[in-house]
Each structure stands twice: as C-alpha cells, then as structure tokens.
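Structural overview for review
Listed below, chain by chain, are the residues.
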Amino acid sequence: RMKKAKEIVYDFVQQIVYTGSEHKEGISTSFIAESLGIQRTNVSTLLNELVSEGTIKKSNTRPVLYSLAEPFMVERDFSTLIGMDGSLRNAIQLAKAAILYPNSSLNVLISAKAGCGTTFFVSKMFEFAQNNGVLGKEAPFIRVNCRNYSKDIFSLNSELFGPKGDLIGSCFDQAHSGLLFIDHYDLLDAKQQSRILDFLDNGWEHFYHQNDSSNGPGIFVVLSCSTQSGIQVDRKIPVTIELPELKDRSSSEQFDLINHFFSVEAYNSQRTIIVSVESLKALLLSDFNYNVKELELEIKAACANAYVRVVNDPERDIALSLEDFKAHIKKGLLRIKENYQAFDGLFDNTEKVIYDKKTGYQKDFGTSANVDLYSEIKKQYYELENRGINRTGINNVINTHIRNLFNKYSYHNVLDDQNNLEQLSKIVSHEVIDLVSQWLTTCKKELSREFKSSVFFGLCLHVNSLLTIKVHRKNMGNDQITKIIQEYPREYALSRQFSSVLKKQLGLDLPVEESILFSMFLIETNEKEEVGKPVLLYIMHGKGTASSLAETTNALTQSNNIYSYDLLLEMETQQAMKEIKEQVMKIDQGQGVIVIYDMGSIKTIMETIAEEINIKIRLIHMPITLVGIDVARKCLMETDVDYVYHMANVDLNNLRNDEEKKNGLIITLCHTGEGGAEQLKRYVDQYSKLGMKVKALSVSARDKLVEEVLTLRKIYRIHTFVGTYDPKLFGIPFISIAKIFENSKENLDRILMFEPITSKFFNYDEVYDYLGEQFKYVSIPKLKMVLPNIIDEVGIFYSLTEDQQIGLFMHLACLIERLLEGETVAKNEEKKKLISLFEEDYREISKILKKIERAFKIIIDDNEIATIIMIIKKI
C-alpha cells in the first residue's frame, strides 16, 4: 500500500528524532519540506493535523520545532500532576492564584532544590495560563538558565537586558505577551538581581507601552526565579512557591514518579519492561541529591543497561533486576528494616511489576510461578541417597557415602547422653528410637563392634525421613548390590532383618536399596577427622531467635560447627553488617559458611560481605518470620481458617520465584578465553543434560573478568566456574578441568552438580577422543606422540599441579589447532612485562616449544609464550 503524505511526514519525524542527536529538540517545517521535497505550506498543514491528533507536538520557540508526542509526558496543566492533591497542593494553588490574578498576573519566585522539577512545574503554569485564556495559544515561553552563563557574564547581561542594556532584544522583550522563566536566579550577582527587581517594580509596563505598536490588551510577563539557597527576595516578588524535595514526598508519590518514568522508558523503547519489586524498593529507599531529576536519570540508565541484553531480539521484554542499578541504589535496601511500613499497600506479595509498552504501568502485577519449597528438600535428599557405588572400588563408594551421610547429620558425641535422647524424641517418635536402639544393640553383639552416636542419631533421622518423605528410589545396578552383599554379607543380613522389622512395626515396605543403605551405616570407615569443616550460621530477626535455633540444632546433632547471630529489630544495619562480618571471619574453618536467614536486608548484607572477604558464603532463605507475619495478618482479616491456610501455602510456594527463574550459567575459564575454555564449553554443551548455558571467558585480565562476571550476574544465576584456575570471585563455586576429564562423560552432570565421585587417575584417552571429534587440522596420533612429552619436560622445571598440567595440555593442543587453521594469536597485553620479569623462564619455555614447532610446522610467538608463563606461574 502506498503511504499517505501525512504518514510519510510522521515517519520522517520519527526517524530523525530517534536517530539524530542534533535534532533531539525537534525539527522545523523548512527542514522537513526540503528533506522530503514537499511544499512548505503542505508540510505545515500536515504537521498541524498531526499535532491535532496528538501524535506530534510543537514547541513554543521561534522557529517552531516539531517532535514526537510522548503520551506519558503530555499532561493538561496541573490536573494530572503527581502530587497535585498531596505535596504539591499548596504550590499549585499559589501558582493558579498568581496566574489568574485580576488585570495582570503576579510575578512568582519558585524556591526549590536542584532536580525538584522546577522547569516542569513552570511549564505546567504556562499550560494553565494558556488553557485559561491568560496567555494566547501562540504565546512565547522564554527560559533563561543562568547556570549556562556562569563563565560568560557579558552574554548573560546581553540576554537579560539586551545588547545595549536598554531591554530591546532582551529576554523580557522576547517574552512579550508570554512567560519569562529565569532559572537559577540565585546565581546572578547583586547588581543583576537588583536591576531585574527594579525593572519589574517600576519599568516594564512603561517599556512595553512605549514599544508596543498594537492597540490590543495589556502586555504582561510572568517572571519565575528558581533558587536552591532560599535567598530572601523583597516585596517586589509578591508570590513565593516552594517545591518539596523528593525525600519529603510520600512513598505513594515517589512510587507514582517511579511508575511514570518506567512507563516513559517502556514507550520510548517500545518494549514491555518488567522490574523486580526488590529494585523498586531500593529506588524508594535511596537518597537522590538531585531529587526527581536524578531518579529519572537512574531509571533511564538502568533501562539502557537491560536493553542491551535484548537489543537484537525485538520480541523480548526488558527485564530489570537490582544488578542493573548503580551500587548506591543497591545499598538502599540496607535501610529496608527501618522503612518497612513505607511499602504497605504498594506491593503486597508480588515480586515484579510490569510496564507495558502501550499502556504503561499495570496495577495487575506479575504473579510468581509456583515453586514447591519442599521439593527442594526432597531433591537434596534424593541426591544424597542416590550417590551410587563407583566402579573403581566398593570400599571407596561406601566410605564416600557414609562420609556424606554423616556430614549431613554431623553427630560426634557419645550415645548415652540422656538429654540428647530427650531432644531427639521431640522430632522422632519413641517407637523409631526404640527400634533403632534395639537393632544397633543386636548389631553390636553380632559384629563385635562399637558404634558411634553418629550412627544411632543418623539412623533415627533416616528412618524418620522414610516415614515423612515418600522416597521413590532410583534403582541401583545389580552389580553394585551384588558387590555389597558379597563384600559385607553379615552387615547386609542384619540390614534385611531391620527392614523386616520396620515393615512389621511401621508398615514401611522398603526396596532392597534401603537395606544396602542400612548396611553402609554399619560398615567401619576408620576415617580420621578432617581439619576444617563448613560451618552453619543462623541469622534471624528478633531477640534469641537465631541463638535458640542454634542451641536446638546443636543439641540434636551434637555438632560443634553451628553458630548464630540475633539481628535485633532496633539495630542499625551498618552495625549489624560489621558484627556479622567479624563473626563470619572468626567462625570460618577454611571451608566456608552456610547462612540460614529469614528475611529483610540479610541477603544484601551477606552478599556485600562476600565481596569484601575471601570466604565462601552460601545463603539459604527460610522465610519463617515473613510467613508468620503474613499468616497473622490474614488471620486478622479473614474468618475462614481453610482460606487462610490455602493462601499462606500459595504465598509460600511463590516466594522463591525470582531465584528459581534465573537461568543457570556455567563459565569455563582459561588464560586466553580461547583454547581450553572454548573446548570445555563445547564439551559441556555436548554432553551435559542440565540445560544450563555455558560461556567461555579469559582469566588473564582480572579486571575485565570481574566486569564480565558482574554483567553476566545481572542476567544469569552463575552456577559454577570450570577451568584451569579458580578466580575466587563472589563466592562462585569452582570445578577443576581435571575433575571434568578424569571421569567419563556419563558422570559429567553429577560433577557439575557437585556430587562426590571417587575419581580414577587421570587418563588422557578421554581428552584425545573428544579432541579427535573437534579438531580438523591436528593429527591426534602425532599429538599423542609429542604433547605428553612436552608436559613432562615442563614438569621437570616446574612443580605443576594436576590442574596446571591438564590446563597447559588443553591450551597447547588448541593453540596448535588454531595456528594450523591460520587464525591469529590473541594479543597478550602483559607480554613485555612478563618476558622481562621471567627472562630465564621465557628462554627455557621457548626452547621446549621448539619441538612442537618442528613437529607441526608452526611458529609460536611471544604472545603465546607469555600466556604459557601465566599458566605455569598461576598469574
């Protein structure tokens, strides 16, 4: 279909305004006419039609400029101004009174801090004056921003008082029959201020009577002065209007402003914007030195950050999380405790807000997807129970399983502590305790073996879990079962007897796999206590809440690695963060800290601490306090207990939506981002069934790596690093390249999910098989002949860990492939520095690499030698 002339003009305006920064204020009729080859009068007619339709707006300047109308910004004077019935009510009443004053509008002084919306407020005054016939539809609106003339006093005097100082050609003259807005009036010197006030008091009417050739109605000027300092102005300015700071406006008004700015961005980007409630709360709790203007710019910047992720996919929405905002916005959440009531009625239990690209802010908030909290518990249970028997030896499997099972329960003290039995009886029935106790007594006699209290407590909780969690066990292989029965026939026989007792007494019909697991409890491990264990830290709101939980857990488990921190409701967040940080550093045994917390700013506090100290911190959110608050509120409002029960469960299931929905990411690492990292990426992509995205990165430039990881964290939940070197960033777990290749590809997902697997010795056959599938140019038989000898020779001069050996092997193999393919070698920015610093190493490594160059007829340049030095030296 051929476009109509009006559509052509509209499309052209849209194109120019969106693509040309020099036309951000708009374009003139002449420019459009010349560009499109249409007569100027026709263009003017079409533009006026578009203005009438509301799709294009025109300026009040000379010449008139046309730009796209912004539906969320176009308002009818004060009628839809945010805060018109609240914080701005008095200001609007004064402004209307000044404009509608009989015979002539009164001059106005507006007193406001920077960014409070002075210019916007004055534009509404101008619209109000036009809409009420005080100013004509073509009346000029002249603004003089004194800040722009801070270094050019001559030009400012010319603008204010005319080139000759007689007001002819001045801003007063230009604002004839309109409104003059002098912004930042307080920046003028005393002489300039005095002259303006004298002119307003005595001379302006005389000036216009002398210079006005028309016989029309009287001419007037509305002068508005904006000041940050609250300067005193005498009676010559009859009306003073004060605009409130953003922090002095109500939470609902601030939320309305936030919604407005996000709606504008949704329209401008033509993408629906989805914002986490966590981000909105952070904005509401942040301080903005430049008030509304700074709030608008922060939102615009965050939307731009998020837009980059979807710019190449027109169908994707823009999803904003807290990571898209600057650090000082994130820190706003640290104030959430003392400002909790500010959110009443704003968000309810929602986790995101939607800003549609057409309709803007939607009160129908995004709902959370159902997440069964208990399924996570069951998942961990299944993973623990299904850690199978490794083919490399039944003893290793049994030891591994027992160690992990006992680590779950962590019982170390003696059996005969009556107090411990009383504590245990509160969560495990007396019948289960008696059955386990009787069976262990029998086992003690039959096997002539003493059992630690850990076996008793572990069995009690294990049997209790069989009664409370419906386990659908994945079958063990027949070979595995046979080996256990053959190796440990007495233990297995006793376990079958116990299974029969449980069926008779408790109605548990257990599969043969359970008898195998019971056998594992009975098998001697003779393991020595490892130095250093992960520790558990409860952090809960309220006096004694966390300490009581820790005390109870310690009593039930007889552990010595459980700690607590009671976050008192009246405690300042910064003080709490300091104390928690000190406690984490004190209790850490070198293996990390698991934090179980209830709600509020604790997550932000722990993430901040994790970035400041080199300790692994893992967070588990157990929102018992939030659940209790929610149920208590519902109980006050409802009379149907089943309705309250149902809604509480729905809310609980929705609570972890954001964390669960974040896509998982595996990052593979090597020193260049090529070679080993890329091949690892392909290997995981090919053989993993977890469905996680895999990204290859370089660790050579740590600053750049940190920057890239921070960017990726905004989009993904980073599951783990995999590679030759642990970068120790943000507490993200690390899996070595050796662990990947020393096991079969069938076990890849178990390794990626951190399931303990007793590994065989490293065998390069797995690597050769994989590289044979990937490489096009390298001869694998030749690689087998040359590369292992190179690694051994390097090992003579340097004490390499297994990870370093495998990392160097993968790096060299991939380097050979790239050079044979004709690809350029990545530039190493630290080349000169490294070669100078490690001159002797450079000579030795160059000598060793000559064998590769001769064998494959390639040249390895200094960039690659520098990278190899980095791998060997762990730089």
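Residues numbered from 1 in each chain as written. Predicted model: local features only at pLDDT ≥ 70, side-chain atom pairs only at ≥ 80, totals over all residues. Heavy atoms only, no water.

1. A closer look at the overall build of the chain
Each helix and strand counted, the chain has 36 helices and 19 strands in total. Expressed as a percentage of the 875 residues in the chain, the buried residues total 49%. Surface accessibility of the chain: about 44700 Å² in total, with carbon and sulfur atoms responsible for 50%. (Helix = DSSP H or I, 4+ residues; strand = E, 2+ residues; numbered from the N terminus. Buried < 20%, exposed > 50% of the residue type's maximum accessible area, 1.4 Å probe, protein only. Areas by Shrake-Rupley, 256 points an atom, 1.4 Å probe, with all protein chains shown as cover.)

2. Quick notes on a nonpolar patch on the surface
Nonpolar side chains collect at one region of the surface, where Ile 594, Ile 620 and Met 622 lie side by side and expose about 200 Å² of accessible area between them. Take Ile 594: it is sitting in strand S14 (residues 593-597). (Patch = residues over 30% accessible without salt bridge, like charges linked within 9 Å, V, L, I, M, F, W, Y side chains within 5 Å. Salt bridge = Lys/Arg side-chain N within 4 Å of Asp/Glu carboxyl O.)

3. Describing the sheet that holds strand S9 (residues 318-320)
A sheet is described by the order of its strands in space; here four strands give the open sequence S9-S8-S10-S11, paired in mixed fashion. Edge positions in the sheet fall to S9 and strand S11 (360-361), since each has one partner strand and no second. Pairing analysis gives four bridges linking strand S8 (residues 273-276) to strand S10 (residues 352-356), with the strands arranged antiparallel. Within S10, the position partnered with Ile 273 by the bridge is Tyr 355. The sheet strands contacting helix H10 (residues 277-285) are S8, S9 and S10, and the helix crosses S8 at an angle near 70°. Contacts from helix H11 (residues 291-310) reach S8 and S9, with the element oriented near 130° to S9. (Pairing = 2+ DSSP bridges. Contact = heavy atoms within 4.5 Å. Axes fitted to C-alpha atoms, helices over the stretch in contact; angles between N-to-C directions.)

4. Looking at the pairing of strand S3 (residues 108-111)
Because side chains alternate across S3, one face comprises the buried residues Val 108 and Ile 110, and the other comprises Leu 109 and Ser 111, equally buried. Of the pairings in the sheet, the one linking S3 to strand S7 (residues 239-242) comprises four bridges and is parallel in character. Looking across to S7, one finds that Ser 111 is bridged to Glu 242.

5. Re the environment of Lys 96
On the secondary structure map, Lys 96 appears in helix H4 (residues 89-99). In the structure, Lys 96 is positioned 18 residues away from Phe 78 in sequence and 9.2 Å away in space, judged by C-alpha atoms. Residues within four places of Lys 96 in sequence aside, it is in contact with Phe 78 and Phe 128.

6. Quick word on the sheet that holds strand S12 (residues 535-541)
The four strands are arranged S13-S12-S14-S15 in an open sheet whose pairing can be described as parallel. Of all strands in the sheet, those with a lone pairing partner are strand S13 (562-567) and strand S15 (617-621), marking the two edges. Averaged over all adjacent pairs, the angle separating strand axes in this sheet is 20°, with direction ignored. Examined bridge by bridge, S14 and S15 share five bridges and lie parallel to one another. In the sheet register, Ile 594 faces S15, and the bridge partner there is Arg 618. Across the sheet, helix H22 (residues 573-587) touches S12, S13, S14 and S15, and the angle it forms with S13 is around 175°.

7. Digging into H11
Over its 20 residues, H11 extends 30 Å from the first C-alpha to the last, a length consistent with the 28 Å expected when each residue adds 1.5 Å. Taken residue by residue, H11 has Asn 291, Val 292, Glu 294, Leu 295, Glu 296, Glu 298, Ile 299, Ala 302, Cys 303, Ala 306 and Val 310 as its buried positions. Structurally, H11 contributes buried residues whose contacts are with helix H9 (251-269), S8, H10, S9 and helix H12 (327-330). (Expected span 1.5 Å × (residues − 1).)

8. What to know about the nonpolar core
A general tendency of soluble globular proteins is for nonpolar side chains to be buried together. Counting 59 residues, the largest nonpolar core has Ile 740, Leu 771, Leu 783, Leu 812 and Ile 852 as its most contacted members. Top contributing element to this core by residue count: helix H33 (residues 802-821), with 10 residues. If near-sequence neighbours (up to four positions away) are discounted, Leu 783 is found in contact with Tyr 768, Leu 771, Val 778, Pro 788, Ala 813, Ile 816 and Phe 856. Within the second largest apolar cluster, 36 residues are counted, among which are Phe 255, Leu 295, Phe 325 and Leu 333. (Core = buried A, V, L, I, M, F, W, Y, C linked by side-chain atoms within 4.5 Å.)

9. A closer look at the packing of aromatic side chains
Each aromatic ring pair is described using two quantities: the centre-to-centre distance and the angle formed by the ring planes. Going through the model one piece at a time under the given rule, you end up with 10 aromatic pairs. Ring centres of Phe 78 and Phe 128 lie 5.6 Å apart, and the angle between their planes is 45°; on these two criteria the pair is classed as tilted. Linking Phe 78 in the loop between strand S2 (66-68) and H4 with Phe 128 in helix H5 (residues 118-131), this pair joins segments that are 50 residues apart in sequence. No difference in accessibility class separates Phe 78 from Phe 128, as the two residues are buried. (Phe/Tyr/Trp six-rings, centres within 6.5 Å; stacked < 30°, edge-to-face > 60°.)

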